[in-house]
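Here's the letter readout for the chains.
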Amino acid sequence: MPVHYLESGSVDPCYNLALEQYILENRREGDWLFLWQNANTIVIGLNQNTAEEINASFVEKHGITVVRRMTGGGAVYHDLGNLNYSFICDTGNAEELTIRRFTEPVCRALAAMGVDAETSGRNDILVDGKKVSGVAQRIANGRILHHGTLLFDSDPVMIAGALNADPAKFRSKSAKSVRSRIGNIRDYLPSKADLPQFRDRLLQELTQDGLIREALGDDELASVRKLADEKYRSWDWTYGRSPDYAFRNRARFPGGTLEVRMNIRRERIEDIVFFGDFMATAPLTELCAALRGARRDALELSRILARFPVSSLFGGIREEEILALILNEGD
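Quantities reported herein were computed from a predicted structural model and do not represent experimental measurements.

K.L.:
Explain the overall build of the protein to me, please; I cannot follow it from the model alone.
P.N.:
In terms of regular secondary structure, the protein is built from 12 helices and 16 strands. Projected onto the principal axes, the alpha-carbon positions of the protein cover approximately 75 × 45 × 35 Å. The buried share among the 331 residues of the protein stands at 53%. Counting every atom, the protein has about 15,600 Å² of accessible surface; 47% of that belongs to carbon and sulfur. In the protein, 42 side chains carry a positive charge and 47 a negative one; their mean positions are 4 Å apart.

Below you can see the structure in the form of structure tokens.
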């Protein structure tokens, strides 16, 4: 049976995730394949605590987009050395549905290129014991979305830095990512190839029964853009949907040692308290009261801190240092 094939023409993760959702919900017949790429992005699993999965200071420094997807599993890093694939088709017999139904065709495609790949017990795709693909899936109204990464030539330094959060600072029941040794497919190809060549060969292998190139109409594309803006770009979806958690962070500054402890609900500060040996000249009661209910967001917190004589309250510890501590940017 021919496969309906679609490309987005975009490296915007919010748009691409919206397009994927639109296809799942509005293309009710046939097998669909979607190949896509995102510029530097961390994609958070549906049931994860965003703050717990990312290195906030690294993300800000490198201008990395953070967005939540509609499937479970762990956080992954995307860059332009990574190719994503999405299969959308009928679920069939749900009792017989396994992830291998979708990973095995990818493994066979890689094998045809000379890469010995296999599906692991955690449903990753491995080459030489290293993870080159992580996958997730979702069922909706008798249709299934299965998608995965294919690390072709991704930057391992960026992957490690972006996802290097400190688990000791968080206490929650959210789904935690499992870190694995990663590899790049390019290193295992018997002959040199760039990512466009790899994409073309992968497409050829995955559509041996025929290919129908598809495109959405203008009204449909407008709906995708609206979904991207209203859902995937929204703070509430990516951060506010995070499970409740407790957070603590401590650092030593020239003005003294400062520790913050918070309870977070839907990524808003439910309770907050500061400890330390800093030389405070007034109680922190009013500041803490003002911070309760605030989003754990740099701009909103900065506006609140600016209303108070922070240097006096914290004995010389600066506003930017306090902000970094609350946002998990301290040591």
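K.L.:
Teacher, can you tell me more about the environment of Leu299 here?
P.N.:
Relative to the elements of secondary structure, Leu299 occurs in helix H10 (residues 298-305). Along the sequence, Leu299 and Leu323 sit 24 residues apart, while their C-alpha atoms lie 9.8 Å from each other.

K.L.:
Sorry, what's going on with helix H6 (residues 195-206) here?
P.N.:
For an α-helix, 3.6 residues make a turn, and residues three or four places apart therefore share a direction. For H6, which comprises 12 residues, the first-to-last C-alpha distance of 16 Å matches the rise-based estimate of 16 Å (1.5 Å per residue) to within 8%. Regarding H6, the residues found buried are Leu195, Phe198, Arg199, Leu202, Leu203, Glu205 and Leu206. Buried residues of H6, viewed axially, fall in a sector of 165 degrees; they line one side. Exposed side chains of H6 directed beyond 90 degrees from the buried face belong to Asp200 and Gln204. In the core, the buried residues of H6 are packed alongside strand E1 (3-7), strand E2 (32-36), strand E6 (82-90), helix H4 (100-112), strand E11 (143-151) and strand E13 (211-213).

K.L.:
Is there a simple way to explain H10 in this structure?
P.N.:
Regarding H10, the residues found buried are Leu301, Ile304 and Leu305. With its buried residues spanning 95 degrees around the axis, H10 presents them on a single face. Seen from the open side of H10, the exposed residues pointing more than 90 degrees away from its buried face are Leu299 and Arg303. On its buried side, H10 packs onto strand E16 (268-276), helix H9 (285-291), helix H11 (310-313) and helix H12 (319-326).

K.L.:
Explain the sheet that holds strand E8 (residues 125-127) to me, please; I cannot follow it from the model alone.
P.N.:
Hydrogen bonds along the backbone pair up the strands of a sheet, which may run parallel or antiparallel. The strand order E7-E8-E9 describes an open sheet built from three strands, whose pairing is antiparallel. Each end of this open sheet is capped by a strand with a single partner; those strands are strand E7 (117-119) and strand E9 (130-133). Averaged over all neighbouring strand pairs, the angle between strand axes comes to 45 degrees, with direction disregarded. Summarising the sheet, E7 and E8 pair through three bridges and their orientation is antiparallel. Its bridge partner lying in E8, Thr119 is registered against Ile125. Contacting E7 and E8, H4 crosses the sheet at an angle of about 175 degrees to E7.

K.L.:
Even after reading the chapter, I still don't get the side chain of Thr71, so can you show me in this structure?
P.N.:
Among the structural elements, Thr71 can be located in the loop between strand E4 (65-68) and strand E5 (76-78). Within the local environment of Thr71, its side chain forms a polar contact with the side chain of Arg69, the two groups lying 2.9 Å apart. The residues touching Thr71, leaving out its near neighbours within four places in the chain, are Gly45, Leu46, Ala136, Gln137, Arg138, Leu145 and His147.

About the cut-offs
Residues numbered from 1 in each chain as written. Predicted model: local features only at pLDDT ≥ 70, side-chain atom pairs only at ≥ 80, totals over all residues. Heavy atoms only, no water. Helix = DSSP H or I, 4+ residues; strand = E, 2+ residues; numbered from the N terminus. Buried < 20%, exposed > 50% of the residue type's maximum accessible area, 1.4 Å probe, protein only. Areas by Shrake-Rupley, 256 points an atom, 1.4 Å probe, with all protein chains shown as cover. Lys, Arg positive; Asp, Glu negative; His and termini not counted. Charge placed at Lys NZ, Arg CZ, Asp CG, Glu CD. Expected span 1.5 Å × (residues − 1). Arc of directions from axis to C-beta. Contact = heavy atoms within 4.5 Å. Pairing = 2+ DSSP bridges. Axes fitted to C-alpha atoms, helices over the stretch in contact; angles between N-to-C directions. Polar contact = N/O pair within 3.5 Å; in protein donor to acceptor, adjacent residues only side chain to side chain.

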